[in-house]
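Single-letter residue listing:
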Amino acid sequence: MDDFDYARYDRIRPIRWTGDALELLDQRKLPFDTEYLTCRTSDDVAAAIHALAVRGAPAIGIAAAWGVVLAERDIEATDARDAGAKLEPALQRLNAARPTAVNLAWALARMRAALARADHDWRGALEREAEAIDTEDLAANRRMGALGASLIEPGSGVLTHCNTGSLATAGFGTALGVIRAGVAQGRIEQVFAGETRPWLQGARLTVWELQQDGIDATLIADSAASHLMKTGKVQWVVVGADRICANGDTANKIGTYQLAIAARHHGVGFMVVAPSSTVDMATPSGEMIEIEERDAAELHVVGGSRTVAEGIDAWNPVFDVTPHDLIDAIVTERGVIRRPDAASMRAAFGA
Ligand SMILES: CSC[C@H]1O[C@H](OP(=O)(O)O)[C@H](O)[C@@H]1O
């Protein structure tokens with residue numbers, strides 16, 4: 001992949017550190033408007049994460065790490081230990097912004113660890129750690145793109161769900177990075193993007209990203225996915241993840257689980273692509289994952305401001321869990337785990 005023109009795919013930068021503020025491409029406004037939110041405090045970042053102005057498991061971890069740097073700017077402390085105590089309430093408010101993606105807690109744990117190791121330059125240590133989290137994620141995505149694409153036979157059709165591209169990460173993407181690499185290598189002939197109701201990450205964000213890249217894609221209704229697989233046009237379903245458990249059970253955007261069931265029924269491969277920062281070996285299996293439920297209004301609103309069925313109850317879980325035995329491959333930057341289970345996850349990530 002060293003001849004891959006990554007720069008072509010790195011134009012979209014949803015997270016920009018200016019040195020004293022964090023600029024976030026407001027993903028609630030895409031694809032119609034390209035507006036940046038300027039966050040000057042860690043609570044600004046927590047609010048942006050909760051509101052999905054910035055979203056995507058790796059991206060919210062990266063944003064939270066920079067949020068810690070913003071919090072550091074607001075305190076005076078005698079040393080790193082004193083700083084840790086004074087910063088902890090801000091880190092807890094960042095962690096409370098969304099519950100399902102483990103990357104948020106993972107990034108905050110890395111920031112705490114950096115502070116615990118720091119000497120007198122604890123401020124610099126926090127900024128260097130946030131930068132490292134950001135640059136490591138971009139490198140991981142490029143590695144995963146190559147690894148995942150190598151599993152896809154030339155001439156394949158691929159279906160993806162939600163948005164897992166540059167908007168959801170430090171750049172290039174996870175599942176969408178595999179698609180970018182697979183298209184560039186001539187392995188993927190047709191890309192299908194599920195709209196991903198109710199927030200429409202697929203219709204609004206993935207389609208927009210692929211248009212920026214000049215990659216043709218076909219948008220489908222979420223409810224058309226099984227019928228599409230029945231036609232034989234899809235050889236792989238390639239998705240991201242928000243939390244991968246110690247046995248390989250995987251939480252991802254709502255609708256992923258039924259894609260996995262349909263894929264298995266139709267003999268379509270099911271690939272999960274996520275950096276190791278999404279692996280949570282401390283959670284044994286999927287039923288222990290907290291599934292975020294969001295405001296019913298997200299289901300009632302159709303086309304911007306119009307509402308349907310307003311006033312009736314609505315159930316709006318925004319993630320579901322795919323059991324590991326429906327997953328054919330988990331791709332991380334460390335390698336590919338075929339037919340994941342507790343033993344293969346332990347071999348790859350330790351106990
Ligand atoms: C590489 S993004 C991973 C994951 O995050 C998305 O959720 P959300 O848009 O609610 O932040 C989706 O589940 C993606 O697959």
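Per-chain numbering applies: the sequence of each chain, read as written, is numbered from 1 onward. Under the rules for a predicted model, residues below a pLDDT of 70 receive no local features and side-chain atom pairs below 80 are neither given nor counted, while totals for whole chains, interfaces and linings still include all residues. In computing side-chain values, all of the structure's heavy atoms are included and hydrogens and water are not.

Going by what an unreviewed UniProt entry lists, the chain is known as Methylthioribose-1-phosphate isomerase and is assigned to Noviluteimonas gilva. UniProt positions are given in the numbering used here, feature names are shortened, and annotations may be inferred rather than shown by experiment. Under the heading Function (unreviewed entry), UniProt records this for the chain: "Catalyzes the interconversion of methylthioribose-1-phosphate (MTR-1-P) into methylthioribulose-1-phosphate (MTRu-1-P). Also catalyzes the interconversion of 5-deoxyribose 1-phosphate and 5-deoxyribulose 1-phosphate. Part of a bifunctional DHAP-shunt salvage pathway for SAM by-products." UniProt annotates the chain under Pathway (unreviewed entry) with the comment "Amino-acid biosynthesis; L-methionine biosynthesis via salvage pathway; L-methionine from S-methyl-5-thio-alpha-D-ribose 1-phosphate: step 1/6."

At a minimum axis distance of 7 Å, the contact between helix α2 (residues 57-73) and helix α4 (residues 102-117) shows a crossing angle of 35°. The two elements α2 and α4 cross, and the hand of that crossing is right-handed. Taking contact as the criterion, the partners of A57, P58, I60, G61, A64, A65, V68 and V69 in α2 are, on α4, N103, L104, A107, L108 and M111. In the contact of α2 with α4, the residues fall into 11 nonpolar, 2 polar and no charged. Every angle, taken between N-to-C directions, lies between 0 and 180 degrees, and every axis is a line fitted to C-alpha atoms, over only the stretch in contact when it is a helix. Secondary structure elements follow DSSP: runs of H or I of four or more residues count as helices, runs of E of two or more count as strands, with numbering from the N terminus. Here a crossing is taken to be left-handed if its near helix is turned anticlockwise relative to the far helix by less than a right angle, and right-handed if that turn runs clockwise. Any two residues having at least one pair of non-hydrogen atoms within 4.5 Å are treated as being in contact. Only Asp, Glu, Lys and Arg are considered charged in this grouping, and only Ala, Val, Leu, Ile, Met, Phe, Trp, Tyr, Cys and Pro are considered nonpolar; every other residue, Gly among them, is considered polar.

What follows deals with the sheet that holds strand β3 (residues 36-39). For two strands to pair, DSSP has to find at least two bridges joining them. Pairing in this open sheet of 3 strands is antiparallel, and the strands run β1-β2-β3 from one edge to the other. Both outer strands of the open sheet, β1 (15-17) and β3, are each paired with one neighbouring strand and no more. Neighbouring strand axes in the sheet, compared pairwise and without regard to direction, differ in orientation by 20° on average. In this structure, strand β2 (residues 22-25) lies alongside β3, joined through 4 bridges in antiparallel fashion. Note that in β3 the partner of E23 across the bridge is T38. Sitting on the sheet, helix α1 (residues 42-50) is in contact with β2 and β3, with an inclination near 145° to β3. Running at roughly 25° to β1, α2 makes contact with β1, β2 and β3 of the sheet.

Once that is clear, we can look at the UniProt feature "active site" (unreviewed entry) in the chain. Sequence positions flagged by UniProt for "active site" (unreviewed entry) are, in local numbering, D242. Note that D242 resides in the loop between β7 (236-239) and β8 (243-245). Residue classification places D242 among the buried residues on the basis of a relative accessible area of 8%. Contact partners of D242, with chain neighbours within four places excluded, come to A57, T100, A101, V102, N103, A251, N252, K253, T278 and F319. When a residue's accessible area, from a 1.4 Å probe over protein chains only, is under 20% of the maximum for its type it is buried; when over 50% it is exposed; and in between it is partly exposed.

With 68 residues, the main nonpolar core has I15, L22, I49 and M271 as its most contacted residues. For this core, the element with the highest residue contribution is α2, accounting for 12 residues. We call a set of buried residues a nonpolar core when its members are Ala, Val, Leu, Ile, Met, Phe, Trp, Tyr or Cys and they connect through side-chain atoms within 4.5 Å of each other. The next biggest cluster of nonpolar side chains, apart from the first, holds 26 residues, and it includes A260, A262, F270 and A274.

In this text, near means that some heavy atom of the residue lies within 4 Å of the molecule or strand in question. As a structural note, the neighbourhood of the ligand is formed by 17 residues, with G56, R98, D242, N252 and K253 the closest of them. The term polar contact refers here to a pair of N or O atoms within 3.5 Å; inside protein, the definition further demands a hydrogen-donor-capable atom paired with an acceptor-capable atom, and it admits residues adjacent in sequence only when both atoms are side-chain atoms. G56 has a polar backbone atom sitting 2.8 Å from an oxygen atom of the ligand. In this structure, an oxygen atom belonging to the ligand sits 2.6 Å away from a side-chain N or O atom of K253. Values of accessible area rely on a 1.4 Å probe in the Shrake-Rupley scheme; residue burial ignores everything except the protein chains shown. For the ligand, whose unbound accessible area comes to 400 Å², protein coverage reaches 99%. Residue assignment for the shell around the ligand shows that the elements contributing at least two residues are α2 and β9 (250-253).

Moving on: the side chain of T196. Relative to the helices and strands, T196 resides in the loop between β5 (188-194) and α7 (201-213). Side-chain polar atoms of T196 contact the backbone nitrogen of C162, separated by 2.8 Å. Polar contacts involving the side chain of T196 include one to the main-chain carbonyl oxygen of G194, which spans 2.9 Å. When near neighbours in sequence (up to four residues on either side) are disregarded, T196 contacts H161, C162, Q201, G202, D222 and K253.

Let's shift gears to α4. In a helix, the anticipated span is given by 1.5 Å times the number of residues less one. Helix length check: α4, at 16 residues, gives a terminal C-alpha distance of 23 Å against a target of 22 Å (1.5 Å per residue), a fit within 8%. Listing the buried residues of α4 in full gives V102, N103, L104, A107, L108, R110, M111, A114 and L115. Next to the buried residues of α4 lie α1, α2, α3 (80-95), α5 (122-149), β8 and β11 (279-280).

Assigned domains within the chain: domain 1 (6-139) and domain 2 (144-349). Note: domain ranges come from an automatic or database domain assignment. Relative to domain 2, the C-alpha centre of domain 1 lies at a distance of 24 Å. Interface of domain 1 and domain 2: buried area, both sides summed, is about 3100 Å²; carbon and sulfur atoms make up 57% of it. Once two parts are put together, the accessible area they lose, assessed with a 1.4 Å probe and summed over both, is termed the buried area. If you sort the residues of domain 1 by the area they bury against domain 2, Y9, I12 and T100 come out on top, with a joint share of 24%. For this analysis, a salt bridge means a side-chain nitrogen from Lys or Arg found within 4 Å of a carboxyl oxygen belonging to Asp or Glu. Scanning the region where domain 1 abuts domain 2 turns up 1 salt bridge.

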